[in-house]
Amino acid sequence: MAIRTRFAPSPTGYMHIGNLRTALWAYLIAKKDPEGKFILRIEDTDQNRLVEGATDIIYQTLAQCDLKHDEGPDVGGPYGPYVQSERVKSGIYMKYARELIRMGGAHYCFCDEDMINAQREVQEARGESFKYDDPCKKLTIEEAEARIANGEKFVIRQTIPETGTTSFDDEVFGHITVDNETLDEQILIKSDGFPTYNFANVIDDHFMDITDVVRGMEYLSSTPKYTLMYNAFGWKEPRYIHCPPVMKDEHNKLSKRNGDASFQDLVAKGYLPQAILNYIAMLGWSPEDNKEIFTLDELVQAFNVKHIGQSGAIFDPMKLKSINGIWLRNMDLDSYYELVKPYIDQAVKGDFDKKAIAKVVQQRADTLVEIPEMLDFFDTFPAYDSSLYVNKKMKTDEAIALESLKAGRDVLAGCDDWSEEHLHSVLMELPAKLGRKNGQVLFPLRLAITGKQFTPGGAIEIAAILGKDETLRRLDLSIAQLENKAA
Ligand code: GLU
């Protein structure tokens, strides 16, 4: 049977990084099988947590990341509906909850909150973890249904065997066995008739023929309860792949609630969706070789569930940034220019060759938002302190700088051809002529025409973009500044 995985987000707002990583892994696992299908299911049964527009964010994020789902609310498919609230209307959850009751795997419960809380208090006072001992289990199905026919409110709870153990296998965490007495009799159908996640996931995964359940490890401890239901129904259990959490640091999960970046935030900060995917694929999974840059197709080939680790993976913003930089530098100039033009326009209003600026910036920028700041010297020539010429690494001081600037000015003033190639050929002859190292000539020249110690691009590329008049004007100002200081 072909692999079928699903991404099952609840539409509760932004797309957080851990969720997106789960979606990506589910996609990769499906697509490794040429016949595999990746399904989107919207889990909106917790009506109190719904956020308007959140489903659109889900569609948008998947589209931006090129994680195309084969079936889902918007694209349809043979297993619909793909939105849980619509499935509620079809009656499927109630039907199978009743069937589970008949098989002894669940029961009606009429207890009110006060009664449950009273038990909770007693047990917690004894230092025990709360486990509800439901008197309604003593009712026969007929008695319970008679009370329902009378209009009494009810929920449906799972019935857990009092003794014995339950086991299941997880691809990441191995064979897991728990004592049944540790499992609580969770609610499956709420009093509003909606299923909880704890019930809906079993019904939906089964009826959608999901072969591989990929989800966060917060569901690991509930899984034996799902196993009991699969067993009661006599259904085959899916393969489980519980994903280790994405952490902010050793102790805290990454979460938007703590102000951590969501996918949307990262895109707004100038990260490429492909670079984000590339990075987050490796949060908890390690490729076999040391390869680090992967396209989505390459990830499909390389991904292997066996190499998912059990411990939480720390989200490292610096690593993401460096991977993003590599993605940006790998782009062809035309596409790169298209992408960065708005950022260049933001900083550069003057009549300069913007594509040449893009080419220079491409070697330097790791994110898009840092671009405007890098280019602030084009429109205005910033004031700077001559002490910047004193640079150990470049082996320069103010005297060497002055000599280099004067020689550079002479050469440049004589240039009619202002192409980068020509400037390169004439300026690269200078160091040897002056008996200096390249840096002793080119670093002062760059500083003299930009006013900045660090710039994207070198003296030659920048001079070519500034043009002859502006380059000479700035050189003259810089020479005068050094001469005044020396005098
Ligand atoms: N709706 C659940 C969530 O967003 C889905 C968990 C799962 O994939 O089964 O956490």
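Look up a bit, the structure's there.
Being a predicted model, the structure only gives us computed values, none of them experimental.

Colleague: Would you mind going over the site of the ligand with me for this structure?
Modeller: Close contacts around the ligand come from Arg6, Ala8, Pro9, Ser10, Glu43, Tyr197, Val214, Arg215 and Tyr219, and that covers them all. One of the side-chain N or O atoms of Glu43 is found 2.7 Å from a nitrogen atom in the ligand. Protein contacts shield 85% of the accessible area of the ligand, which totals 290 Å² for the unbound molecule.

Colleague: Help me understand a negative patch on the surface, please; the structure alone is not making it clear to me.
Modeller: On the surface, a cluster of negative charge is made up of Asp416, Asp417, Glu420 and Glu421. Residue position: Asp416 is located in the loop between helix H16 (398–413) and helix H17 (420–427). The exposure class assigned to Asp416 is exposed, which follows from its relative accessible area of 75%.

Colleague: What is the right way to look at the packing of aromatic side chains in this model?
Modeller: Any aromatic ring pair is given by two values, namely how distant the centres are and how the planes are angled relative to each other. Applying the stated criterion across every chain, the model contains 20 aromatic pairs. A ring pair is formed by Tyr96 and Phe233, whose centres lie 6.0 Å apart and whose planes are at 70 degrees; its orientation type is edge-to-face. Of this pair, Tyr96 sits in helix H4 (residues 92–102) while Phe233 sits in helix H8 (residues 223–233), placing them 137 residues apart in sequence. Tyr96 sits in the buried class, given a relative accessible area of 13%. An aromatic cluster is present here, built from Trp25, Trp285, Phe294 and Phe303 joined pairwise through their rings. The ring of Phe130 carries Arg120 above its face, with NZ or CZ at 4.3 Å from the centroid. Over the aromatic face of Phe294 sits the side chain of Lys291, whose NZ or CZ is 5.1 Å from the ring centroid.

Colleague: When you look at helix H5 (residues 113–125) in this model, what are you seeing that I'm missing?
Modeller: For H5, which comprises 13 residues, the first-to-last C-alpha distance of 18 Å matches the rise-based estimate of 18 Å (1.5 Å per residue) to within 8%. Positive backbone phi, at 80 degrees, marks Gly127, one or two positions downstream of H5.

Colleague: Please explain the nonpolar core as it appears in this structure.
Modeller: Nonpolar side chains in soluble globular proteins generally cluster together in the buried interior. Counting 145 residues, the largest nonpolar core has Ile17, Leu24, Leu67, Phe199, Ile371 and Leu375 as the members making the most contacts within it. Looking at which element gives the most residues to this core, the answer is helix H1 (residues 17–31), with 10 residues.

Colleague: Is there a simple way to explain the sheet that holds strand E3 (residues 106–109) in this structure?
Modeller: An order of E3-E4-E7 is seen for the three strands of this open sheet, with the pairing classed as antiparallel. Here the strands that pair on one side only, and so sit at the sheet edges, are E3 and strand E7 (187–189). Between one strand and the next, the sheet's axes are offset by a mean angle of 40 degrees, whatever the strand orientation. Direction of pairing for strand E4 (residues 155–158) relative to E7: antiparallel, over a ladder of two bridges. Paired with Arg157 across the two strands is Ile187, which belongs to E7.

Colleague: I keep staring at the packing of helix H10 (residues 273–281) against helix H12 (residues 317–329) and nothing clicks. Help me out?
Modeller: Packed helices, taken two at a time, are described by the angle their axes make and the gap between the axes. Running from N to C, H10 and H12 cross one another at 130 degrees; their axes reach a closest spacing of 9 Å. Comparing their axes, H12 and H10 come out oblique. Regarding H10 and H12, the two cross each other, and that crossing is right-handed. Contacts from Gln274, Ala275, Ile276, Asn278 and Tyr279 in H10 reach Lys319, Leu320, Ile323, Asn324 and Trp327 in H12. Among the residues forming the contact of H10 with H12, the class breakdown is six nonpolar, three polar and one charged.

Colleague: Mind showing me how you'd approach unusual backbone geometry here?
Modeller: Residue Gly80 is joined to Pro81 through a cis peptide bond whose omega torsion reads -5 degrees. Residue position: Pro81 is located in the loop between helix H2 (54–64) and helix H3 (84–90). Backbone geometry at Asp66 places phi at a positive 65 degrees, although glycine is not the residue there. Inspection of the secondary structure puts Asp66 in the loop between H2 and H3. For Asp66, a relative accessible area of 42% translates into the label partly exposed. Not every positive phi belongs to a glycine, and Lys395 is a case in point at roughly 55 degrees. Tracing the backbone shows Lys395 in the loop between helix H15 (371–374) and H16. Of the residues examined, Lys395 reaches a relative accessible area of 48% and is grouped as partly exposed.

Colleague: I tried to follow the side chain of Arg41 on my own but got confused; where do I start?
Modeller: Positionally, Arg41 belongs in the loop between strand E2 (37–40) and H2. Among the polar contacts made by the side chain of Arg41, one reaches the side chain of Asp205 at a distance of 2.8 Å. Excluding residues within four positions of it along the chain, Arg41 makes contact with Arg6, Phe7, Ala8, Pro9, Tyr82, Gln84, Asn201, Asp204, Asp205 and Met208.

Colleague: Quick question: what am I supposed to make of the pattern of salt bridges here?
Modeller: In a structure, side chains of opposite charge can pair up when their charged atoms sit close to one another. Summed over all chains, the structure comprises 33 salt bridges. Note that Glu128 is salt-bridged to Arg126, the shortest N-O span being 3.1 Å. Take Glu128: its relative accessible area is 36%, and that puts it in the partly exposed class. With its nearest N and O atoms 3.1 Å apart, the salt bridge here joins Glu483 to Lys406. Of the two residues, Glu483 sits in helix H21 (residues 468–486) while Lys406 sits in helix H16, which places them 77 residues apart along the sequence. Among the residues examined, Glu483 registers a relative accessible area of 34% and is labelled partly exposed. For Lys406, a relative accessible area of 37% gives the class partly exposed. Through salt bridges with shared partners, a single ionic network connects Arg6, Arg41, Glu43, Arg87, Asp204 and Asp205.

Colleague: Can you help me understand H12 in this one?
Modeller: Residues separated by three or four positions in an α-helix point in the same direction, a consequence of the helix having 3.6 residues per turn. The terminal C-alpha atoms of H12 lie 18 Å apart, and with 13 residues this matches the ideal 18 Å at 1.5 Å per residue to within 8%. Along H12, the residues classified as buried are Leu320, Ile323, Asn324, Gly325, Trp327 and Leu328. Among the residues of H12, the N-terminal cap falls to Asp316, whose side-chain oxygen and the backbone nitrogen of Met318 are separated by 2.9 Å.

Colleague: Looking at this structure, I do not really get the environment of Lys68. What am I missing?
Modeller: Within the secondary structure, Lys68 sits in the loop between H2 and H3. Separated by 147 residues in sequence, Lys68 and Arg215 place their C-alpha atoms 18 Å apart.

Colleague: Looking at this structure, I do not really get the state of the cysteines. What am I missing?
Modeller: Defined simply, a disulfide is a covalent bond joining two cysteines at their sulfur atoms. Summed over the entire model, instances satisfying the criterion amount to zero disulfides. The thiol of Cys65 is unpaired, and the distance to the nearest cysteine sulfur, on Cys243, comes to 16 Å. Assessed through its relative accessible area of 4%, Cys65 is described here as buried. Left without a disulfide partner, Cys136 is nearest to the cysteine sulfur of Cys111, which lies 3.6 Å away. The class of Cys136 is buried, set by a relative accessible area of 9%.

Rules used throughout
Residues numbered from 1 in each chain as written. Predicted model: local features only at pLDDT ≥ 70, side-chain atom pairs only at ≥ 80, totals over all residues. Heavy atoms only, no water. Near = heavy atom within 4 Å. Polar contact = N/O pair within 3.5 Å; in protein donor to acceptor, adjacent residues only side chain to side chain. Areas by Shrake-Rupley, 256 points an atom, 1.4 Å probe, with all protein chains shown as cover. Patch = residues over 30% accessible without salt bridge, like charges linked within 9 Å, V, L, I, M, F, W, Y side chains within 5 Å. Salt bridge = Lys/Arg side-chain N within 4 Å of Asp/Glu carboxyl O. Lys, Arg positive; Asp, Glu negative; His and termini not counted. Charge placed at Lys NZ, Arg CZ, Asp CG, Glu CD. Helix = DSSP H or I, 4+ residues; strand = E, 2+ residues; numbered from the N terminus. Buried < 20%, exposed > 50% of the residue type's maximum accessible area, 1.4 Å probe, protein only. Phe/Tyr/Trp six-rings, centres within 6.5 Å; stacked < 30°, edge-to-face > 60°. Lys NZ or Arg CZ within 6 Å of the ring centre and 35° of its normal. Expected span 1.5 Å × (residues − 1). Core = buried A, V, L, I, M, F, W, Y, C linked by side-chain atoms within 4.5 Å. Pairing = 2+ DSSP bridges. Axes fitted to C-alpha atoms, helices over the stretch in contact; angles between N-to-C directions. Parallel < 35°, antiparallel > 145°, perpendicular 65-115°, else oblique. Left-handed = near helix turned anticlockwise from the far one by under 90°. Contact = heavy atoms within 4.5 Å. Nonpolar A, V, L, I, M, F, W, Y, C, P; charged D, E, K, R; others polar. Disulfide = S-S within 2.5 Å.

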